[in-house]
Amino acid sequence: NTKIWRALEPGGRERAIAEAARMLRDGGIVAFPTETVYGLGADAADTAAVERIFAAKGRPADNPLIVHIADTGQLDALVLPYGELASRLMERFWPGPLTLVLPVRPGAVSPRVTAGLDTVALRMPHHDLALRLIAEAGRPIAAPSANSSGRPSPTEAAHVIDDLNGRIDGIVDGGPTGVGVESTVVEIAGPGSVRILRPGGVTAEQLRETADEVLLDPALGLGLPSVSLQPGEEPSASWRENEAAEAAHGAPRSPGMKYAHYAPRGVMELVQGEPSAVRAYILEAVEEARRRGERTGVLTYEERAAGYDADAVIVCGSLARLETAARRLYGSLREFDARGIDRIWAEACPQTGIGLALLNRLAKAAAHRIVRV
Ligand code: TXA
Ligand code: MG
């Protein structure tokens, strides 16, 4: 039985914080909002509680969790001494959607949290309810996104309820999240240098203002010609090439990035190219699929939505303000499911700013079926 607190209702907030914090202290697993997506939290030192997170989500055991803190005073107990760049990044971006991978202090968190690595991923969310809850629990909270493994991350309490109701102890409903895609995960690559392991709410451009060099983990696969399909080509060939590319570059340094992820139930293709060519390709693909009797969907932007004739044409936001598209991306993917869509075509967006994270999630939702037209 899952307890649901409506924190936005009058008087709901303080009660939610007090009761959910007690549940976390008692070894429970509780979903709560952050500025990015909803997280599913547990006491990071409590192996039994952390194991329940993996079980509830159906998450592979080799995928480590992010540990959430409310106060930099919690850091020294968690990590070994870190360099000057890490401190500057914390100062600049915390609280906020940046996760830092740092050397873990042995024994500080459950080995299930780090999946046996000698590093731990840490972040301080920019969300008052989350910070209050973590502070009230009085301990670092391990929390992956509060979705079933492989499903789009939850940006509203209703998404958490759809995926996990009955499988977790509680859900704090604090309304929709703001950023809409997960935090940016980085490691320190050298003096002055950071490597992005997962693009997210803090952009590469923003990181570059604090670091001398910003590297992208090549295993992200973004922009790799090896994951590009010819129009109409099936993805199996691309998978093999993608695997070969990964072998060449080494496995992704963020274990979670190797899993097919964020996916709607329908088969999705990401279409990249000149706007008019993209439209022509999608129009024809939709028509063909409809002739085969499939329910079709198009994921697009305000500026591009006119003229599509699919069963579901979903506008996730504006190309001029990609933040709006990031905010609604996961909700849009879930909407295709709710409308029973079998085949989805998503228009690519530019790779700048939050667009890098958006494109990364779209590519993953499409299981790397990327068509360049
Ligand atoms: O915005 C977010 O980061 C959300 C909210 C809830 O905070 N959390 C989130 O957690 O997205 P999750 O578990 O869905 O993703 C964590 C990512 C995974 O890709 C995982 O592999 C990576 O962080 N990660 C965790 N620990 C790591 C480590 N020690 N080294 C490298 N990558 C790590
Ligand atoms: Mg996740």
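About the criteria used
Along each chain, numbering runs from 1 in the same order as the chain's sequence is written. Written order determines the labels here, with chains lettered from A and ligands numbered from 1. Per-residue local features are limited, in this predicted model, to residues with pLDDT of at least 70; the limit for side-chain atom pairs, both in listing and counting, is 80 or more; totals at the level of whole chains, interfaces and linings are taken over all residues. The basis for the side-chain values is all heavy atoms of the structure; hydrogens and waters are excluded. UniProt positions are given in the numbering used here, feature names are shortened, and annotations may be inferred rather than shown by experiment. Think of it this way: any DSSP run of H or I at least four residues long counts as a helix, any run of E at least two long counts as a strand, and we number them from the N terminus. Buried residues are those whose accessible area, probed at 1.4 Å on protein chains only, stays under 20% of the maximum for their type, while exposed residues exceed 50% and partly exposed ones sit between those limits. In what follows, residue pairs with any heavy atoms lying within 4.5 Å of each other are defined as contacts. Working definition of accessibility: Shrake-Rupley area with a 1.4 Å probe, residue cover restricted to the visible protein chains. Centres within 6.5 Å make a pair out of two Phe, Tyr or Trp rings, where for Trp the six-membered ring is used; the pair is then stacked when the planes are under 30 degrees apart, edge-to-face when over 60, and tilted otherwise. To sit over a ring, a charge needs its Lys NZ or Arg CZ within 6 Å of the ring centre and within 35 degrees of the ring normal. Two strands form a pair only when DSSP identifies at least two bridges running between them. Each axis is a line fitted through C-alpha atoms, taken for helices only over the stretch in contact, and angles between the N-to-C directions span 0 to 180 degrees. By convention in these notes, a salt bridge is any Lys or Arg side-chain nitrogen within 4 Å of a carboxyl oxygen on Asp or Glu. Here a polar contact is recorded for every N or O atom pair within 3.5 Å, except that within protein the pair must consist of a potential hydrogen donor and a potential acceptor, and residues adjacent in sequence are included only if both atoms are side-chain atoms. A score from 0 to 100, pLDDT tells how confident the predictor is in each residue.

Under the annotation held in an unreviewed UniProt entry, the protein carries the name Threonylcarbamoyl-AMP synthase and is attributed to Paenibacillus cisolokensis. According to UniProt, the comment filed for the protein under the heading Sequence similarities (unreviewed entry) is "Belongs to the SUA5 family." Its UniProt record gives the protein a comment under Catalytic activity (unreviewed entry), which states: "L-threonine + hydrogencarbonate + ATP = L-threonylcarbamoyladenylate + diphosphate + H2O".

Take the overall build of the protein next. Counting its secondary structure elements, the protein contains 11 helices and 17 strands. Within the span of the protein, comprising 373 residues, buried residues form 56% of the whole. Long-range contacts, defined as pairs at least 24 residues apart, comprise 69% of the intrachain contacts of the protein with a sequence gap of at least 6. Carbon and sulfur atoms form 49% of the exposed surface of the protein, whose accessible area is close to 14900 Å².

What follows covers the packing of aromatic side chains. Here the distance between the centres and the angle between the planes together describe a pair of aromatic rings. Enumeration over the complete set of coordinates arrives at zero aromatic pairs. When the ring centre of F54 is taken as reference, the NZ or CZ atom of R112 above it lies at 5.0 Å. Residue placement shows R279 over the ring face of Y308; its charged tip is 4.9 Å from the ring centre.

The next thing to look at is the sheet that holds strand β9 (residues 184-190). Pairing within the open sheet is mixed, and its 11 strands lie in the order β1-β8-β2-β3-β7-β4-β6-β5-β9-β10-β11. The open sheet has two edge strands, β1 (3-6) and β11 (213-216), and neither has a second partner. Sheet topology note: the β9/strand β10 (residues 193-198) ladder contains five bridges and is antiparallel. Among the inter-strand pairings, G190 is bridged to a residue of β10, identified as S193. Packing against the sheet, helix α3 (residues 84-93) makes contact with β5 (98-103), β9 and β10, and its axis sits at approximately 155° to β5.

With that out of the way, let us pick up the pairing of strand β16 (residues 343-347). Each regular strand displays side chains that alternate between the two surfaces of the sheet. In terms of burial, β16 is a largely internal element, four of the five residues being buried. Bridge count for strand β13 (residues 267-272) against β16 is five bridges, and the pairing is parallel. Bridge pairing links L270 to A346 in β16. Of the strand pairs in this sheet, strand β14 (residues 296-301) and β16 are connected by four bridges, and their pairing is parallel.

A side chain with one charge may pair with a side chain of the opposite charge, provided their charged atoms come close. Scanning all chains against the criterion turns up 24 salt bridges. Between R334 and D163 there is a salt bridge; the shortest N-O distance is 3.0 Å. Here the residue R334 occupies a position in helix α10 (residues 322-338), and D163 occupies one in helix α6 (residues 157-164), the gap between them amounting to 171 residues. Under the relative-accessibility criterion, D163 is labelled buried at 11%. For the salt bridge of E288 with R292, the shortest nitrogen-to-oxygen distance reads 4.0 Å. Since its relative accessible area comes to 36%, E288 is described here as partly exposed. By relative accessible area, which is 49% here, R292 ends up partly exposed. Look at the salt bridges and you will find they share partners, linking R151, D163, R265, R334 and D337 into a network.

Here the focus is the side chain of E182. As for its position among the elements, E182 is in the loop between β8 (170-173) and β9. One polar contact links E182 to R361, side chain to side chain, over a distance of 2.9 Å. Discounting residues that sit within four places of it in the chain, E182 has contacts with T36, V37, S153, R198, G200, G201, Y262, Y330 and R361.

To continue, consider the confidence of the model for the protein. Within the protein, residue pLDDT values average 91, and 89% of them lie at 70 or more. Overall, residues 234-249 carries pLDDT values under 50, and its contacts beyond four positions in sequence, including any with other chains, amount to 20 contacts. Across the predicted assembly, pTM comes out at 0.92 and ipTM at 0.99.

Along the chain, N63 falls in the loop between α2 (47-57) and β4 (66-68). By relative accessible area, N63 is classed as buried at 6%. Counting along the chain gives 28 residues from N63 to E91, while the straight-line C-alpha distance between them is 27 Å.

For the peptide bond that leads from W94 to P95, omega is -10°, which places it in the cis range. Its place among the elements puts P95 in the loop between α3 and β5.

This paragraph deals with the UniProt feature "domain: YrdC-like" (unreviewed entry) in the protein. Feature annotation in UniProt assigns "domain: YrdC-like" (unreviewed entry) to the following positions: residues 14-202. Between the C-alpha atoms that bound residues 14-202 there is a distance of 30 Å. The span itself is 29% helix and 22% strand.

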